[in-house]
Every structure is written in structure tokens, then in C-alpha cells.
Amino acid sequence: MSDRLFIFDTTLRDGEQVPGCQLNTVEKIEVAKALEELGVDVIEAGFPISSPGDFNSVVEISKAVTWPTICALTRAVENDIRVAADALQYAKHKRIHTGIGTSDYHIKYKFNSNREDILERAIACVKYAKRFVEDVQFYAEDAGRTDNEYLARVVEAVIKAGATVVNIPDTTGYCLPSQFGEKIQYLMEHVKGIHNVTIATHCHNDLGMATANTMSGVMHGARQAEVTINGIGERAGNTSLEEVAMICRSHKELGIDTNLNTTKLYGISRMVSSLMNMPVQPNKAIVGRNAFAHSSGIHQDGVLKNRESYEIIDPKDVGVDENSIVLTARSGRAALKHRLHVLGIELDKEALDKAYEGFLQLADKKKEINDDDVLLLAGEHRKASRRLKLDFLQVTSGVGIKSVASIGLDIAGEKFEACASGNGPVDAAISAIKQIIHRKMLVKEFLIQAINKGSNDIGKVHMTVEHEGVAYYGFSANTDIVAASAEAFIDAINKFVH
Ligand SMILES: CC(=O)SCCNC(=O)CCNC(=O)[C@H](O)C(C)(C)COP(=O)(O)OP(=O)(O)OC[C@H]1O[C@@H](n2cnc3c(N)ncnc32)[C@H](O)[C@@H]1OP(=O)(O)O
Ligand SMILES: CC(C)C(=O)C(=O)O
């Protein structure tokens with residue numbers, strides 16, 4: 001039987017502090033409900049004193065969510081705490097998260113104060129929060145750089161004052177995993193009453209060690225991990241929820257596990273990325289586009305013989321349908337043969353060798369080889385040939401005017417034209433396409449990336465279009481990003497319009 005690691009998700013508080021990631025209340029409720037389905041134990045819903053909008057979000061999330069604890073952040077300030085308690089009034093399970101900086105940097109420069117005064121303020125804020133709620137979590141901000149002996153005094157004092165959870169943040173992402181683990185161990189060994197409360201970690205990623213520090217803290221006694229979806233958060237971000245979840249699931253010998261339904265991880269990662277306009281880096285562990293994509297010949301051969309040769313996680317366990325074998329100039333015959341097999345073509349050794357020669361020549365020029373290319377190399381014509389092609393696109397756009405797009409599509413040789421307006425050139429182009437293709441289609445994910453640098457660069461567009469409950473992926477690259485967006489939309493449509 002594993003020990004339970006409580007998951008405290010702060011995507012809607014620390015994650016939402018990221019410039020450009022602010023969500024409205026409806027969007028926050030959508031994320032909170034997805035977090036509930038994922039199985040997180042605590043949702044930090046906001047910092048109610050910070051704005052009327054954040055206050056209202058905490059109120060509405062409290063109403064919308066049933067079983068996770070809803071937590072609101074405050075400073076060690078009475079008015080912050082009163083306002084947080086008010087925002088939490090409808091929560092079925094509520095927690096106030098209050099605290100103060102304990103490192104000498106914070107004490108001296110932020111507060112112009114001294115250790116004894118900060119200790120008193122720490123005790124006072126916990127006692128005050130206890131007047132409103134039973135469940136009070138204290139944070140010792142910048143605990144990572146706080147002297148262990150003083151930190152132990154603060155932790156002991158706030159436990160005595162009634163804290164139920166004590167959070168030890170590495171606010172600046174400074175600690176080495178061994179140092180952070182030792183800090184938690186020091187507290188476990190020196191603080192009276194520590195075994196009656198939960199110790200939490202809240203690690204930032206300034207040196208890329210957030211997950212390692214969190215796990216080190218957990219291995220030394222912490223039982224709550226504060227995390228965010230995709231690791232978003234202030235500066236270089238927080239510890240990623242998905243990484244902690246899958247480390248616990250993969251390393252059973254740790255004897256620690258979460259309550260999470262990990263098959264929801266990929267879906268919620270995409271949802272947060274798209275709502276917060278925060279792309280996930282392709283090589284991001286667990287949820288990056290390439291996390292289960294194999295692109296070099298030796299790996300592809302190994303994975304095709306046995307998935308576990310190069311995969312420590314079954315993609316289905318995190319909600320990814322299957323791994324992918326990407327055909328590039330670094331692929332070998334095994335990968336090409338596999339793709340041909342998927343397309344229903346079996347070649348003997350000689351024919352495969354011949355196709356492979358052509359494949360390498362093309363791959364050196366094209367970078368990535370698609371199914372059409374493979375079929376041509378095998379001397380076949382694509383059975384489900386692309387029915388939809390972009391014939392022409394003209395867009396008028398600017399400041400102070402509405403964007404208008406005229407579009408021409410070639411559908412299996414027949415020409416169609418439409419014109420539409422939108423809140424920007426891409427929206428106008430997509431609306432025009434929708435006037436020709438009368439299907440329910442929703443753009444769920446839209447990512448534009450520049451390939452190199454400079455204003456003459458090629459833009460790559462990745463798009464996911466939902467049609468009848470299924471997500472279809474579309475891609476295009478063009479120096480004109482509006483054209484690339486329209487083409488990516490058309491690429492996705494081609495996958496369900498036959
Ligand atoms: C590590 C973290 O992520 S903590 C969370 C960070 N998140 C945020 O700051 C987002 C929400 N914040 C806000 O909306 C605003 O900063 C508010 C409403 C909290 C405060 O706004 P203002 O009153 O205008 O203060 P301002 O932001 O300029 O400065 C912060 C003040 O809080 C004090 N303070 C900071 N942390 C704490 C704390 N934990 N306990 C008590 N006081 C604190 C600072 O010393 C400073 O006080 P001073 O003005 O007397 O020097
Ligand atoms: C409020 C605290 C927990 C915090 O965000 C930090 O220290 O990074």
C-alpha cells in the first residue's frame with residue numbers, strides 16, 4: 001500500500017500570475033472542473049484581495065467544484081485573510097493559505113524588519129485565519145534560502161498556532177535537490193508536532209530543478225506537492241503536475257502515489273495551454289508533442305520490436321492515443337516498412353531497398369516525410385487523395401478596420417468561393433472556409449511558431465480541429481502566416497472530409 005501524496009494545484013494562482021495567462025471566471029471554472037476530474041486534492045483558486053475579478057473567480061469556483069478543497073492565498077495581513085474567508089464562503093472544503101517571507105533577504109529588504117518580528121507576524125496570521133476556517137496552510141516564503149534553524153522555529157510556532165499544513169517553498173528555485181531534501185529532513189527531525197501536520201513543497205524552476213527538488217522533498221517526508229499543469233508559473237515556472245504524477249506512478253519502489261487519473265493529463269495540458277495561450281515546448285516531459293514521438297532509425301526499430309525499448313511510460317496512461325514514428329532522413333528501413341504496412345502496402349526486400357533510396361533523397365530535402373510522399377515512393381497514388389486544396393486567399397486587414405477574407409477552394413476539381421469577416425485575418429479566413437464546408441468544426445488548438453529568425457521567416461502552424469467529438473491535427477508552413485493558418489485548417493479538414 002503506497003503512502004498518499006496530496007496534489008495541490010496552483011495553476012489558477014501561481015500559473016495565472018504569468019503575463020498573458022490571465023483567465024476570466026468562466027475559463028477558470030472550466031480548468032477547475034477539469035482539475036476535479038483529474039483528481040487533484042486541493043485547487044488554489046486565486047488571491048482574492050488582489051482584484052474584484054480574482055475574488056469573484058474564487059467565489060464561483062467554490063460553487064462549481066464539489067470535492068477538492070478550495071484554497072485562497074493571502075499575505076500575513078488581516079484584511080487579506082478576511083477577504084479570502086469571504087470569497088471561500090461557498091466552498092464545501094475550504095483552506096486559507098497565509099504566510100510571510102522568512103529568508104534574511106525578505107526580512108531585511110522586503111520588510112525592513114527582523115527575525116523576531118517576522119516570527120510574531122507568522123503566528124498572528126495563522127491565529128487570525130483560524131478564526132474563519134479550520135484548515136489553515138502557512139507558507140514560509142523563500143524557505144529555500146532560509147536558515148534551517150530559524151525556519152524550524154517558525155514552523156514549530158505556526159503548528160502550535162494551529163496550522164494544518166506547512167508549506168516550504170523554494171521560491172527562487174535556488175536549492176540543489178540534496179539541499180532541499182536535507183531541509184525537509186531537518187524539519188522532520190527538529191520540529192515538535194510536525195508529524196501531526198502535512199508538510200508541503202512549492203518549488204520554482206529557475207535552475208530547472210523544480211521537479212527534482214519536489215521529489216527530494218517528498219522522499220524526505222513532504223506529503224503535499226504544489227504543482228501546476230505544464231509547469232507554468234512565475235518566471236521559469238513551478239513544478240509540473242504531470243511530472244510528479246508520473247514519477248510516482250513509474251517508481252513504485254518509492255511507495256508514494258497520488259489519487260490522480262493520469263489518463264486525463266494530456267487533455268488538461270492541452271486545455272490549459274490553449275486557454276492561457278501558452279504553448280507547451282515540444283520536448284516537454286509527459287505532455288510535449290514529441291514526448292512519445294520517435295524520429296531516429298535505431299530508436300524506431302527498437303520501439304517497433306518492443307515499445308519498452310525506448311518508452312518508460314505507455315502513452316495511453318497519460319491520455320495519448322499512441323506513440324508516433326516520424327519519418328525523417330534519420331529513419332531507417334524498419335520505420336519506412338512500418339509506415340507502408342500501416343498504409344496497407346507490403347514490399348519485398350528489394351522493393352523496400354529501392355523505396356528507401358528515394359526516401360533518403362526526398363527526406364534530405366523535405367525534413368519530414370508524410371503519407372502522400374510514402375505512397376508515391378512506393379509507386380502508389382494515395383487512395384484517399386486530398387480532396388480540398390487552397391486555390392487562392394486574399395485578406396484585407398489593418399488597425400481600425402474589420403478583417404475580411406476572400407477564399408477559393410478546389411474540392412475534388414470543383415471550384416468554390418466565399419467571403420467572410422472576422423476579428424482578425426486568420427479568423428476571417430477560417431470563417432470563409434466554414435462558409436464553404438458546412439460542418440461543425442471547432443479550432444481547439446492553434447500554435448504558430450517561427451522556424452528561424454527575422455521578419456522574412458517561415459511560420460509553422462499546428463492546429464487541432466474538433467469535428468463530431470474527434471480531434472484532427474492539421475499542419476502547414478508558409479512565409480505568410482495567414483495562408484499557413486488557412487492551409488493547416490484545410491489539412492485537418494482533409495482528414496475527415498472524404
Ligand atoms: C511568491 C508569490 O508568488 S506570492 C504571490 C504573488 N502574487 C501576487 O503578488 C499577485 C497579487 N498581488 C496583488 O494584487 C498586490 O500585490 C496586492 C493587492 C497583494 C498588494 O498590493 P499593494 O498594496 O499595492 O502592495 P504592493 O504590491 O505594491 O507591495 C506589496 C506589499 O505587501 C507586503 N508583503 C509582501 N508579502 C507579504 C506577506 N506575505 N505578508 C505581509 N505583507 C507582505 C510588501 O512588503 C509590500 O508592503 P509595503 O507596501 O508596506 O512595502
Ligand atoms: C505564496 C508562496 C507559496 C509562493 O508562491 C512562493 O513562495 O513561491
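Everything below is about the structure shown above.
Report on the accompanying structure. A quick note: this is a predicted structure, and the numbers were derived from the prediction, not measured.

Next up on the list: the side chain of Gln-224. Within the element layout of this structure, Gln-224 appears in strand 9 (residues 224-227). We classify Gln-224 as buried; its relative accessible area is 2%. Ignoring any residue separated from it by four or fewer positions in sequence, one finds Gln-224 in contact with Leu-5, Phe-6, Phe-8, Val-42, Arg-95, Gln-137, Val-165, Thr-198, Ile-199, Ala-200 and Thr-201.

The next subject is a nonpolar patch on the surface. Taken together, the side chains of Val-443, Phe-446, Ile-448 and Ile-481 make up a nonpolar region of the molecular surface, amounting to roughly 300 Å² of accessible area. Residue contributions to the nonpolar patch peak at three residues, all from strand 16 (residues 442-450). In this structure, Ile-448 sits in strand 16.

This part covers the packing of aromatic side chains. Tallying each qualifying case throughout the model produces three aromatic pairs. Judged by centre distance (5.3 Å) and plane angle (70°), the ring pair of Tyr-128 and Phe-132 falls under edge-to-face. Consider the rings of Tyr-356 and Phe-359, whose centres lie 5.8 Å apart with planes at 20°: the pair is stacked. Taken as a pair, Tyr-356 and Phe-359 lie in helix 13 (residues 349-366) at a separation of three residues, close to a single helical turn.

This part takes up the sheet that holds strand 14 (residues 403-411). One open sheet accounts for three strands, arranged 13-14-15; its pairing is antiparallel. Here the strands that pair on one side only, and so sit at the sheet edges, are strand 13 (388-396) and strand 15 (414-422). In this sheet, neighbouring strand axes are inclined to one another by 15° on average, regardless of whether the strands run parallel or antiparallel. Examined bridge by bridge, strand 13 and strand 14 share eight bridges and lie antiparallel to one another. Paired with Gln-394 across the strands is Ser-406, a residue of strand 14. Strand contacts of helix 15 (residues 425-436): strand 13, strand 14 and strand 15, with the helix running at about 135° to strand 15, the strand carrying the most contacts. In the packing of helix 16 (residues 481-493) onto the sheet, the strands contacted are strand 13 and strand 14, and the crossing angle to strand 13 comes to about 150°.

With respect to spatial proximity, 16 residues lie near ligand 1, and among them Ser-50, Arg-75, Ala-76, Gly-99 and Glu-141 are the closest. Within the side chain of Arg-13, an N or O atom sits 3.3 Å from an oxygen atom of ligand 1. One of the backbone N or O atoms of Gly-99 is found 2.8 Å from a nitrogen atom in ligand 1. Here ligand 1 loses 52% of its free accessible area of 1,000 Å² to cover by the protein chains. Among the elements of the structure, strand 5 (94-101) and strand 6 (136-141) are those that each provide at least two residues to the shell around ligand 1. Within the shell around ligand 1, the residues separate by chemical class into seven nonpolar, four polar and five charged.

Rules and cut-offs
Residues numbered from 1 in each chain as written. Chains lettered and ligands numbered in written order. Predicted model: local features only at pLDDT ≥ 70, side-chain atom pairs only at ≥ 80, totals over all residues. Heavy atoms only, no water. Helix = DSSP H or I, 4+ residues; strand = E, 2+ residues; numbered from the N terminus. Buried < 20%, exposed > 50% of the residue type's maximum accessible area, 1.4 Å probe, protein only. Contact = heavy atoms within 4.5 Å. Patch = residues over 30% accessible without salt bridge, like charges linked within 9 Å, V, L, I, M, F, W, Y side chains within 5 Å. Areas by Shrake-Rupley, 256 points an atom, 1.4 Å probe, with all protein chains shown as cover. Salt bridge = Lys/Arg side-chain N within 4 Å of Asp/Glu carboxyl O. Phe/Tyr/Trp six-rings, centres within 6.5 Å; stacked < 30°, edge-to-face > 60°. Pairing = 2+ DSSP bridges. Axes fitted to C-alpha atoms, helices over the stretch in contact; angles between N-to-C directions. Near = heavy atom within 4 Å. Polar contact = N/O pair within 3.5 Å; in protein donor to acceptor, adjacent residues only side chain to side chain. Nonpolar A, V, L, I, M, F, W, Y, C, P; charged D, E, K, R; others polar.

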